[in-house]
Amino acid sequence: MNLRRMTLAVALLASLAALRAPAAEKLDIKRAVPPESYLAIYAKNNPERDYQRTYLKEALQTARDEHIGRRIVDIITSKAPKDKLDQAREKWNEVKEALEPIKGKAILDAKELAFAELMVAPFNHYVIAVREKSADNAADCFKATSRMFDLAVKWSDGKLSVEDDDAGDAKMKTLRLPKKSPYHPTIAKLGDIVLFASTPKLAKSSLEQLQDSDAESKFEDKRFAEALEHLPKPEDTLLIFDGAQLWKSMGEIGDFIRHEKPDDKDAEKAAKVIDDVLNEVAIIDYTVNVEYTEDGQNRGAVYGKLADNYDDKVLGKALTQGKPFTDWEKWVPADAKSYSLCTGVNLHVIYDALLNYVRDEFPKSHEALDHWAEIQEKAGVNLDEDILQNFSGETVSIMLPPEGDNGSKNPQQVIALKCKDPDKIKELLNRAVEHLNKFPAVQSQNLSLDDVDDLEGFQEVHANFFAMGGVQPVIGFKDGWMIIGSTKGAAKRYVDVRDGKADSLDAKKIAKKFGVKIDGDVYAVSYTDVGAGIRQFADGLDYAGRMAPLFLSMASAKGAKAEDMKPINDALSLLPSVAKVVRKFDFLEDRLKVTYEGPEDNTFMQQSVTLIRQPGEKENAKDKDSDGNKASEDK
């Protein structure tokens, strides 16, 4: 009988052990995020994006092939004394030895990540929890970090120390900084989870919460659960910004100052200013952002809620003066390379509120403010009444292809600003040119504003340096908008589109290409050819590298010493290699982002889509320069 009981007991214990092991695997890493966090991020490895890792590995391999890391170190240390260099190398060897247990691939292969940011006024604190591919990988990471802590203690001459502690089944290690420091970095290990925190108290709290199946983290807040009902499933990332929590936490900064200096009038005034400013900018209740993947697309969606009284606050008033865009696609020429339309910020609201606040709260400022008013009166221009009040904030920015008639390869740009009194602004521009021409340096440039014969309401801005740069800017006014074009042709293309004389964007084609639904007015919309921008930046690095010998020879001709020029020469010669790495990132292609009114009161929505180059596409874009031409291998 005893043997039977013993056998049953052993079987029961084995069953409990078996249950306990998978339970650790099922710990919800999101529970590590404290409920008082104002920023919470959860990210997981989505196999749908694995092909993009291949592109990143190619970039990393290119950096290795070009020996960029070693060359940078050589440049930095080239002027260091030998004894100092030997000491640095010795310490670096110690660091490499300490980090040896961490395998780079293990970190990249992490399954999940949870990140939290919270404020214990006046300091920000952080928690990062990472689920590694295995418990062994987590143990290696804990071991390597522990070694780094020990090195820090060794190098501090006894000013730092290391403490070990437990939190349930988790092992903790803390690097104790000097007492006055608000931060004491802590690492912990729990099964296959590694947790980093800025203080041991925060680490222990997160670990206890992580092991408590009934604990509620930031992600369990009912407000955000309701927001997720309006969003796609977060296949890759879920990000929560709790504005209400941030404003509440920052509101404690004033109390912190008062506590530190209870009888100091200046401290009290500073605390009051902080309280007042926070009250006027606290307009976001929260935003919830999800990222997910579809075939060849990295997609994002945002649901945001504004504070109930946002339109009573200065920032809220400044951001809501502009009118949303109706039929936004009709503002943009069909061949635009990039564009951005935004309701913008009304600077008059902010300027007026700031001046009134300073005058009311700081009596000693009256003399300076009165002097500022006298300067404006003498100049015959009032910054607020004549300029800021004339622009309500709506802005349109468009990049167009190069014009064929001037031989320039530079893209053409148009910027349009909603303008209340065009005649007043035009008068101020002409007065500004007249005033500037009183200076000899400007006179030599032959600065002038001349009417454009075949573009009514526009003037060309003539100056010698514009001609050298291959541009001929124009400024004009039409239908209550101030329009600035890098050339007359660019401005004309924009005007023709607004008049219906030229093709504009096809909203249906855009919706189909990016898989977005855009109905009604929009607060903001932007499109960027990310790949072309990356290639253009890489071409710029190439050009700078090719021009380097010319600049260096000019410097040598002026007496610069060769040994002094060597680090500069090495840095410039590095640019073409950096360009090769940069060009590898042009697997990111087009990006569209649209912001519009949400389904509930005081809410807004945003969609963003980035198209990703698919493996096996014919003639990869990475082999092209910014103009679409085949890039040479020796760039």
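Cut-offs applied
Residues numbered from 1 in each chain as written. Predicted model: local features only at pLDDT ≥ 70, side-chain atom pairs only at ≥ 80, totals over all residues. Heavy atoms only, no water. Helix = DSSP H or I, 4+ residues; strand = E, 2+ residues; numbered from the N terminus. Buried < 20%, exposed > 50% of the residue type's maximum accessible area, 1.4 Å probe, protein only. Contact = heavy atoms within 4.5 Å. Areas by Shrake-Rupley, 256 points an atom, 1.4 Å probe, with all protein chains shown as cover. Pairing = 2+ DSSP bridges. 1 Å grid on protein atoms, 1.4 Å probe; cavity = no way out; pocket = protein on both sides within 12 Å on 5 of 7 lines; lining within 4 Å. Points joined across faces, edges and corners; volume = space filled by probe spheres on them. pLDDT = per-residue confidence, 0-100. Core = buried A, V, L, I, M, F, W, Y, C linked by side-chain atoms within 4.5 Å. Salt bridge = Lys/Arg side-chain N within 4 Å of Asp/Glu carboxyl O. Expected span 1.5 Å × (residues − 1). Phe/Tyr/Trp six-rings, centres within 6.5 Å; stacked < 30°, edge-to-face > 60°.

Thoughts on the overall build of the protein
When its secondary structure is counted, the protein shows 21 helices and 20 strands. Here the protein, with 635 residues, has 39% of them falling under the buried criterion. Taking contacts inside the protein between residues at least 6 apart in sequence as the whole, the part at least 24 apart equals 67%. For the protein, the exposed surface amounts to about 35,700 Å²; the carbon and sulfur share of it is 56%.

Details of the pairing of strand β1 (residues 39–44)
Relative to strand β8 (residues 237–241), β1 runs antiparallel, the two being bridged by 5 bridges. Within β8, the residue paired with Leu 39 across the bridge is Phe 241. Relative to strand β2 (residues 112–120), β1 runs antiparallel, the two being bridged by 6 bridges. Note that in β2 the partner of Leu 39 across the bridge is Glu 117.

A closer look at the environment of Phe 585
By secondary structure assignment, the location of Phe 585 is in the loop between α21 (562–583) and β19 (588–597). Classification of Phe 585 by relative accessible area gives partly exposed; the value is 30%. When the C-alpha positions of Phe 585 and Tyr 55 are compared, they lie 7.2 Å apart, and in sequence the two are 530 residues distant. Ignoring sequence-local partners within four residues, the contact set of Phe 585 consists of Leu 56, Ala 59 and Ile 534.

Section: the layout of surface pockets
When its volume is computed, the largest pocket comes out at roughly 1,100 Å³. If you go around the largest pocket, you meet 40 residues; those closest to its centre are Arg 49, Gln 52, Arg 53, Leu 56 and Asp 236. When residues of the lining of the largest pocket are traced back to their parent elements, those giving at least two are β1, α2 (50–65), α5 (104–108), β2, β9 (284–294), β10 (297–306), β19 and β20 (603–612). A per-element tally of the lining of the largest pocket places α2 first, with 7 residues.

A closer look at the confidence of the model for the protein
Low-pLDDT portions of the prediction should not be read for the details of their coordinates. When pLDDT is averaged along the protein, the result is 86, and 89% of the positions lie at 70 or above. Mean pLDDT across the elements of the protein ranges from a minimum in helix α1 (residues 2–25), with 38, to a maximum in β8, with 97. The model gives residues 1–25 a pLDDT under 50, and that stretch makes 4 contacts with residues more than four places away or in other chains. Under a pLDDT of 50 for its full length, residues 619–635 has, in the predicted model, 33 contacts with residues more than four places off or in other chains.

A few points about the nonpolar core
Membership of the largest hydrophobic core comes to 70 residues, with the highest contact counts inside it found for Leu 195, Trp 328, Tyr 339, Leu 341, Val 396 and Leu 592. Filtering out sequence-adjacent residues up to four positions away, Trp 328 remains in contact with Tyr 339, Leu 341, Leu 505, Ile 510, Ile 518, Val 522 and Val 525. Grouped together as the second largest cluster of nonpolar side chains are 13 residues, Leu 428, Val 461, Ile 475 and Met 482 included.

A closer look at the pattern of salt bridges
Applying the stated criterion to the full structure yields 36 salt bridges. Residue Glu 66 pairs with Lys 580 through a salt bridge whose shortest N-O separation is 3.3 Å. Taken together, the positions of Glu 66 in the loop between α2 and α3 (68–77) and Lys 580 in helix α21 put the pair 514 residues apart, joining distant regions of the chain. A relative accessible area of 28% places Lys 580 in the partly exposed class. Between Arg 223 and Asp 242 there is a salt bridge, with the nearest N and O atoms lying 2.6 Å from each other. With Arg 223 in helix α8 (residues 222–228) and Asp 242 in the loop between β8 and α9 (243–260), this pair connects stretches of sequence that are 19 residues apart. Its relative accessible area of 23% is what places Arg 223 among the partly exposed residues.

Section: helix α13 (residues 366–379)
With 14 residues, α13 should reach 20 Å at 1.5 Å per residue; the first-to-last C-alpha distance of 20 Å fits that figure. Once α13 ends, the next one or two residues include Gly 380, with phi positive near 75°.

Considerations on the packing of aromatic side chains
To describe a pair of aromatic rings, you give the distance between the ring centres and the angle between the ring planes. Enumeration according to the criterion identifies 13 aromatic pairs in this entry. For the ring pair Tyr 339 and Tyr 527, a centre distance of 5.4 Å and an interplane angle of 25° mean the geometry is stacked. Taken together, the positions of Tyr 339 in strand β11 (residues 338–342) and Tyr 527 in strand β18 (residues 524–529) put the pair 188 residues apart, joining distant regions of the chain. Seen from their ring centres, Phe 585 and Phe 587 are 6.3 Å apart, and the 35° between their planes marks the pair as tilted. For Phe 587, a relative accessible area of 4% translates into the label buried. Taken together through their ring pairs, the aromatic side chains of Tyr 51, Tyr 55, Phe 585 and Phe 587 make up a single cluster.

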